[in-house]
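What follows is the residue order along each chain.
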Amino acid sequence: MIRTGVLLGAAAGACWGLVFLSPLVLSAFSALEIAAGRFLVYGAVSLVCLLPFVRTLPERLTASDVRLLLLLGACGNVAFFALLAASIQKVGIAPASLIVGLVPVVVTVWGRHDHGAVPLRQLAWPLVLIFAGVACINLDVLGSISATPNNLIDVVLGLTFAFAALASWSLFAVLNARALKSVTGVSSQQWSYLTGLASGLWALVLAGVIWGGGSSAAEPHADVLEKIVVHRDGQVFWLVSGGIGIAGSLVANALWNGASRRLPLTLTGQVFVFEPLFALLYGFVYEARAPRVLEMVAIALMISGVLWTIRKHAPRNTSVGEASVLPGGLTGPGGSGY
């Protein structure tokens, strides 16, 4: 049902918001290192979670499913987070999170022809509210950054990284939502684990490039990991990587997949707005300050836009709340089993 889908999406946003803090906490590490650490953990835990299904999963997946999982792992996880982390380290949480917060607009336009989508003309004003909210937060933060011209290059790079992250996650959101409605061989939770495993494979390649570049090909993997642990603050690095790898990836993606299977794509995009809102909240707590006026206006506009969009969908998609059984006994968009 729609209400359950929205709640699952909000819970996923609360988990994802935590990952926005990691580039600041791990400021001594590069964005690529943080991404590698997070998704090595996610991939390892996902592999453990898949062990009970290891005998049956291969026969339930097609070659195209595997290719799609690898693409999702790359664009929606490793590449997206590396770009986001780089942006946050350049310009901070607020502008990075709110640029990525444009995902609802991009996904809604992208999914306007999908089943269950509300015509764009009916979503025009809610989208205007969301876009106005993003504009407010960027005017506020970019206004303060512009007072330090020496940081202009960092600002341009940071915003470029944020828009690239926006494109990467929008692609993931659309492809993943469509896959969850068409793939019937696995549950939403198993799909999340498979995405995590694909992300872990990409992270392993990335880790080899970053941390194994100066070592011989025959050097043991444990020696490569030892380089990280003794360099800078390895204990904090792996504690944070473990936290965002499990809560910000494994748990959040399972919740998001549950939401994606219950909601039409146009509404799925709107619910993503909870991620930047929670990221802002955590950022205010981390910085020990209250939101400024424009920031409060931005949050109010974005929440209003999402609630308005939900009201636009509810009368039209009442049937989404009814559980439908898919081949193989899995539940459809209105059922359980994320």
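Residues numbered from 1 in each chain as written. Predicted model: local features only at pLDDT ≥ 70, side-chain atom pairs only at ≥ 80, totals over all residues. Heavy atoms only, no water.

Trainee: Tell me about the overall build of the chain, residues and numbers included.
Mentor: A tally of regular secondary structure across the chain gives 15 helices and 0 strands. In the chain, buried positions account for 54% of the 338 residues. For the chain, restricting intrachain contacts to residue pairs at least 6 apart in sequence, the fraction spanning at least 24 positions comes to 86%. Accessible surface for the chain amounts to roughly 14400 Å². Of this, 70% is attributable to carbon and sulfur atoms. (Helix = DSSP H or I, 4+ residues; strand = E, 2+ residues; numbered from the N terminus. Buried < 20%, exposed > 50% of the residue type's maximum accessible area, 1.4 Å probe, protein only. Contact = heavy atoms within 4.5 Å. Areas by Shrake-Rupley, 256 points an atom, 1.4 Å probe, with all protein chains shown as cover.)

Trainee: Lay out the nonpolar core with the relevant residues and their values.
Mentor: Phe81, Leu84, Trp169 and Trp191 are the most contacted members of the largest nonpolar core, which has 88 residues in total. Broken down by element, this core gets its largest block of residues, 10 residues, from helix 5 (residues 63-91). Not counting residues within four places of it along the chain, the set of residues in contact with Trp169 comprises Trp16, Cys75, Gly76, Phe80, Val103, Trp256 and Phe272. Membership of the second largest hydrophobic core comes to 5 residues, among which are Val91, Ile99, Val155 and Ala162. (Core = buried A, V, L, I, M, F, W, Y, C linked by side-chain atoms within 4.5 Å.)

Trainee: Outline the confidence of the model for the chain, listing residues and values.
Mentor: Across the chain, pLDDT averages 78, with 79% of residues at or above 70. The least confident element of the chain is helix 11 (residues 221-230), whose mean pLDDT is 42; the most confident is helix 3 (residues 31-50), at 93. Throughout residues 214-231 the model reports pLDDT below 50, and contacts reaching past four residues in sequence, or to other chains, amount to 16 contacts. (pLDDT = per-residue confidence, 0-100.)

Trainee: Can you tell me about the pattern of salt bridges, naming the residues and giving the values?
Mentor: Two side chains that carry opposite charge are able to pair once their charged atoms sit near each other. Enumeration according to the criterion identifies 4 salt bridges in this entry. Among the salt bridges present, the one from Asp154 reaches Lys90, with a minimum N-O distance of 3.3 Å. One end of the pair, Asp154, is in helix 9 (residues 152-182); the other, Lys90, is in helix 5, with 64 residues separating them in the sequence. Accessibility expressed as a relative area gives 35% for Lys90, which makes it partly exposed. The closest approach of N and O atoms between Arg292 and Glu295, which form a salt bridge, is 3.3 Å. (Salt bridge = Lys/Arg side-chain N within 4 Å of Asp/Glu carboxyl O.)

Trainee: Can you break down unusual backbone geometry residue by residue, with the values?
Mentor: Even without a glycine there, the phi angle at Ala288 is positive, about 55°. The topology assignment puts Ala288 in the loop between helix 14 (274-287) and helix 15 (293-313).

Trainee: Quick rundown of the packing of helix 5 against helix 9? Include the residues and the values.
Mentor: It is the contact of helix 5 with helix 9, at a shortest axis distance of 8 Å, that shows an interaxial angle of 155°. Considering their axes alone, helix 5 and helix 9 lie roughly antiparallel with respect to each other. In the packing of helix 5 onto helix 9, the handedness of the crossing is left-handed. When its residues are assigned to classes, the contact of helix 5 with helix 9 shows 22 nonpolar, 5 polar and 2 charged. (Axes fitted to C-alpha atoms, helices over the stretch in contact; angles between N-to-C directions. Parallel < 35°, antiparallel > 145°, perpendicular 65-115°, else oblique. Left-handed = near helix turned anticlockwise from the far one by under 90°. Nonpolar A, V, L, I, M, F, W, Y, C, P; charged D, E, K, R; others polar.)

Trainee: Can you explain a nonpolar patch on the surface? Please cite residues and give values.
Mentor: On the surface, a nonpolar cluster with roughly 460 Å² of combined accessible area is contributed by Leu139, Val293, Leu294, Met296 and Val297. Sorting elements by how many residues they give to the nonpolar patch places helix 15 first, with 4 residues. With respect to the element layout, Val293 can be found in helix 15. Under the relative-accessibility criterion, Val293 is labelled exposed at 61%. (Patch = residues over 30% accessible without salt bridge, like charges linked within 9 Å, V, L, I, M, F, W, Y side chains within 5 Å.)

Trainee: Provide a residue-level description of the packing of aromatic side chains, including the pertinent values.
Mentor: For the structure on display, the rule yields 12 aromatic pairs. Consider the rings of Trp16 and Trp169, whose centres lie 5.3 Å apart with planes at 85°: the pair is edge-to-face. Linking Trp16 in helix 1 (residues 2-19) with Trp169 in helix 9, this pair joins segments that are 153 residues apart in sequence. Relative to Tyr42, the ring of Phe39 has its centre 6.3 Å away and its plane inclined at 50°; by these criteria the two rings are tilted. Remark: Tyr42 and Phe39 occur in helix 3; sequence separation between them is 3 residues, near one turn of the helix. For the pair Phe39 and Tyr42, one class covers both residues: buried. Clustering of aromatic rings is evident, with ring pairs tying together Trp16, Phe80, Trp169, Phe172 and Trp256. Taking NZ or CZ as reference, Arg38 lies 4.6 Å from the ring centre of Phe81, over its face. (Phe/Tyr/Trp six-rings, centres within 6.5 Å; stacked < 30°, edge-to-face > 60°. Lys NZ or Arg CZ within 6 Å of the ring centre and 35° of its normal.)

Trainee: An account of the environment of Thr309 is requested, with residue identities and associated values reported.
Mentor: Looking at where Thr309 falls in the secondary structure, it is placed in helix 15. Spatially, the C-alpha atom of Thr309 lies 8.8 Å from that of Gln122, the residues being 187 residues apart in sequence.

Trainee: Which residues make up the side chain of Thr195, and what are the values?
Mentor: On the secondary structure map, Thr195 appears in helix 10 (residues 188-211). Relative accessible area serves as the criterion here: at 3%, Thr195 is assigned to the buried category. Not counting residues up to four positions away in its chain, the partners in contact with Thr195 are Tyr42, Leu69, Leu72, Gly73, Asn77 and Phe172.

Trainee: Describe helix 1, naming the residues involved and giving the relevant values.
Mentor: The end-to-end C-alpha distance of helix 1, which contains 18 residues, comes to 26 Å, matching closely the 26 Å that a straight helix rising 1.5 Å per residue would cover. Burial runs high along helix 1: 13 of the 18 residues are buried. (Expected span 1.5 Å × (residues − 1).)

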